[in-house]
Structures are given as C-alpha cells and as structure tokens.
Amino acid sequence: DTGVSQNPRHKITKRGQNVTFRCDPISEHNRLYWYRQTLGQGPEFLTYFQNEAQLEKSRLLSDRFSAERPKGSFSTLEIQRTEQGDSAMYLCASSSAGGPSLPSTDTQYFGPGTRLTVL
Amino acid sequence: SQQGEEDPQALSIQEGENATMNCSYKTSINNLQWYRQNSGRGLVHLILIRSNEREKHSGRLRVTLDTSKKSSSLLITASRAADTASYFCAADPVSGNTPLVFGKGTRLSVIA
C-alpha cells in the first residue's frame, strides 16, 4: 500500500461527456504528478504540482484537460468532451520536495490508477 | 515522447533463473529509477540509483548505471513466479522541472 489513493478506479463514459478523477497523495508529500498510460506503453507525464501551484504541463495536456490542486492536498483531473483516444489508465503519484520539517525524496509513489474507457 | 527504452520488450524465463533487463536514456540525469507494474495496477518503486553511483543492490535486485553509455540494467536473481510483471526504468533529467521520463517497459514472465 503506497498511501496514494485514486477514485474512481474505473470509469466508462460516452464520447463527448466530461469526466473528473481524484487523487489523494500521501499526506506529507507536497508534490503531486499526473501521468497517462496506454496499453503496452510506459507512463507519460501530464502535469505536476508543488503544493497548489501547477509547475509543469506536458504538450499532451490539451485544452480539454485541466488539473487542479486547490488546497495543496488532493488533486482533480478533468477531461472535457472526451474522445476515444482519451481511453487510458490515468496515474497519480506524489513525492516530497523537502521543507523545514520534511525530508526530500526523489522517489514517486504511485496510486492504483483510474482506468478510463471512452465508448 | 518517452526517453527511456527497455530491452528486451518481453522476457520469459523459468523460476529460479536470473532475469536481466536493460534501459537506455537520452539526456543527463540526476538519478534513474526502476519500477514494477503488475497487470492493470499502479507502479511500485523498486530501486533508485544516483548519477554518481555505478551499482546498487536491494535484496534480489541489482542495478547498474553507466552514465557514459546512458544505460542501466536491472538484474533479478533467483526469479519467482511472483516476479511476473512489467518493469520500467524512469530517468530523472537534470534540466528544468521535467519529472520522470519512463520507457516502454519489459514484460517479464516467470514460469513455475
């Protein structure tokens, strides 16, 4: 158990619908990452946050994708007007960038993922 | 685009044998990490090797890093059926805020 949780674990939706996924990181971690993984491929980076600030976004993150981490704790990833090509596993990970009372870790701890199927 | 490339893409061995997986990457790195993923599940961190390290051990795992060749290898000794999974290397690039860059993975099957 890595301590990162994601909900829902599975989502089936029709093309054109909006979907939202949630990630709860390990509580003391201030960095949170989103990745997308398609069958037979490794995870591809989408975006990451340090606390509530979104520091980096991949070119994979089209205008239909938006991620938030409003209070620097949990994060949501929303996909608007879903397309069949959005079908994938969406993975969340967290790590610590360090701080006054936080050790830094280069290791990212992954959640179980949300599998999205767009029909 | 993915920076890391694992080799082989798939590997099938008998229980008790050793499994070796290789990884190549493209840019300078802070560290290189290996993860395991069971089918349809999240990734589990196995081991991290820093750019100034050449070899690291953890239980039945041995990782090597050759920064001059931009390559790493993961050796699993005395494999077990439970080691059946996909194994990914992930490069932590030196430049900018780019997070881990994963390869496509090696699918390991250990036959009992």
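For the structure, check the block above.
Computed from a predicted model, the values in this text were never measured in an experiment. (Residues numbered from 1 in each chain as written. Chains lettered and ligands numbered in written order. Predicted model: local features only at pLDDT ≥ 70, side-chain atom pairs only at ≥ 80, totals over all residues. Heavy atoms only, no water.)

**Student:** It is not clear to me how the pairing of strand 8 (residues 71-76) of chain B should be interpreted in this structure. Could you clarify?
**Tutor:** Moving residue by residue along a regular strand, the side chains alternate between the two faces of the sheet. Residues and elements named next belong to chain B. Burial analysis of strand 8 places five of its six residues in the buried class, which makes it a mostly covered element. For strand 3 (residues 19-24) and strand 8, the ladder comprises six bridges, and the chain directions are antiparallel. Paired with Ala19 across the bridge in strand 8 is Ile76. For strand 7 (residues 61-66) and strand 8, the ladder comprises six bridges, and the chain directions are antiparallel. (Buried < 20%, exposed > 50% of the residue type's maximum accessible area, 1.4 Å probe, protein only. Helix = DSSP H or I, 4+ residues; strand = E, 2+ residues; numbered from the N terminus. Pairing = 2+ DSSP bridges.)

**Student:** Quick question: what am I supposed to make of the packing of aromatic side chains here?
**Tutor:** Pairs of aromatic rings are described using the distance from one ring centre to the other and the angle between the two planes. Tallied over the full model, the rule gives 10 aromatic pairs over all chains. Each ring, one from Tyr35 of chain A and one from Phe102 of chain B, has its centre 5.6 Å from the other, and the planes form 90°; the classification is edge-to-face. Placement of the pair is Tyr35 of chain A in strand 4 (residues 31-37) and Phe102 of chain B in strand 10 (residues 101-102), with the two residues belonging to separate chains. Taken together, the ring pairs connect Tyr33, Tyr35, Phe45, Tyr48 and Phe110 of chain A together with Tyr35 and Phe102 of chain B into an aromatic cluster. Positioned above the aromatic ring of Phe74 of chain A is the side chain of Arg22 of chain A, whose terminal nitrogen or guanidinium carbon lies 3.9 Å from the ring centre. (Phe/Tyr/Trp six-rings, centres within 6.5 Å; stacked < 30°, edge-to-face > 60°. Lys NZ or Arg CZ within 6 Å of the ring centre and 35° of its normal.)

**Student:** Teacher, can you tell me more about the pattern of salt bridges here?
**Tutor:** Proximity of charged atoms lets side chains of opposite charge pair with each other. In this structure the tally under the stated criterion is six salt bridges over all chains. Between Arg22 of chain A and Asp24 of chain A there is a salt bridge, with the nearest N and O atoms lying 2.7 Å from each other. Between Glu53 of chain B and Lys56 of chain B there is a salt bridge, with its nearest N and O atoms 4.0 Å apart. Relative accessible area serves as the criterion here: at 29%, Lys56 of chain B is assigned to the partly exposed category. (Salt bridge = Lys/Arg side-chain N within 4 Å of Asp/Glu carboxyl O.)

**Student:** How should I be thinking about the interface of chain A and chain B in this particular structure?
**Tutor:** Frequently, the measure chosen for interface size is the accessible area that the parts lose on association. Counting from both sides, the interface comprises 21 residues of chain A and, opposite them, 20 residues of chain B. Carbon and sulfur atoms supply 51% of the area that chain A and chain B bury against each other, a total of about 1600 Å² over both sides. Broken down residue by residue, the surface that chain A buries against chain B is led by Pro43, Asp106 and Phe110 of chain A, which jointly contribute 27%. Taken together, chain A and chain B are joined by zero salt bridges. Here chain A is connected to chain B by two residue pairs in polar contact (both at pLDDT 80 or more). Breaking the side of chain A that touches chain B down by element, the ones donating at least two residues are strand 4, strand 5 (44-50) and strand 9 (88-95) of chain A. Its residues assigned to classes, the side of chain A that touches chain B comprises nine nonpolar, seven polar and five charged. (Contact = heavy atoms within 4.5 Å. Buried area = accessible area lost by both parts, 1.4 Å probe. Polar contact = N/O pair within 3.5 Å; in protein donor to acceptor, adjacent residues only side chain to side chain. Nonpolar A, V, L, I, M, F, W, Y, C, P; charged D, E, K, R; others polar.)

**Student:** Explain the environment of Val118 of chain A here, please?
**Tutor:** All names here are of chain A. By the element assignment, Val118 lies in strand 13 (residues 114-118). When the C-alpha positions of Val118 and Gln37 are compared, they lie 15 Å apart, and in sequence the two are 81 residues distant. Sequence-distant contacts of Val118, that is, excluding residues within four places in its chain, are made with Thr13, Lys14, Arg15, Thr82, Glu83, Gln84, Asp86 and Ser87.

**Student:** Just checking my understanding: could you explain the sheet that holds strand 6 (residues 55-58) of chain B for this structure?
**Tutor:** Hydrogen bonds along the backbone pair up the strands of a sheet, which may run parallel or antiparallel. All names here are of chain B. Strand order in this open sheet of five strands is 1-3-8-7-6, and the pairing throughout is antiparallel. The open sheet has two edge strands with one neighbour each: strand 1 (5-7) and strand 6. Direction aside, neighbouring strands of the sheet carry axes that sit 20° apart on average. (Axes fitted to C-alpha atoms, helices over the stretch in contact; angles between N-to-C directions.)

**Student:** Any chance you could explain the state of the cysteines here in plain terms?
**Tutor:** Residue and element names in this part refer to chain A. Following the criterion strictly, the structure yields two disulfides over all chains and no others. Through a disulfide, Cys23 is tied to Cys92; the S-S separation comes to 1.8 Å. Disulfide Cys23-Cys92: torsion about the S-S bond near -65°, hence left-handed. One end of the pair, Cys23, is in strand 3 (residues 19-24); the other, Cys92, is in strand 9, and 69 residues separate them in sequence. (Disulfide = S-S within 2.5 Å.)

These values are about where atoms sit, not about what they do.
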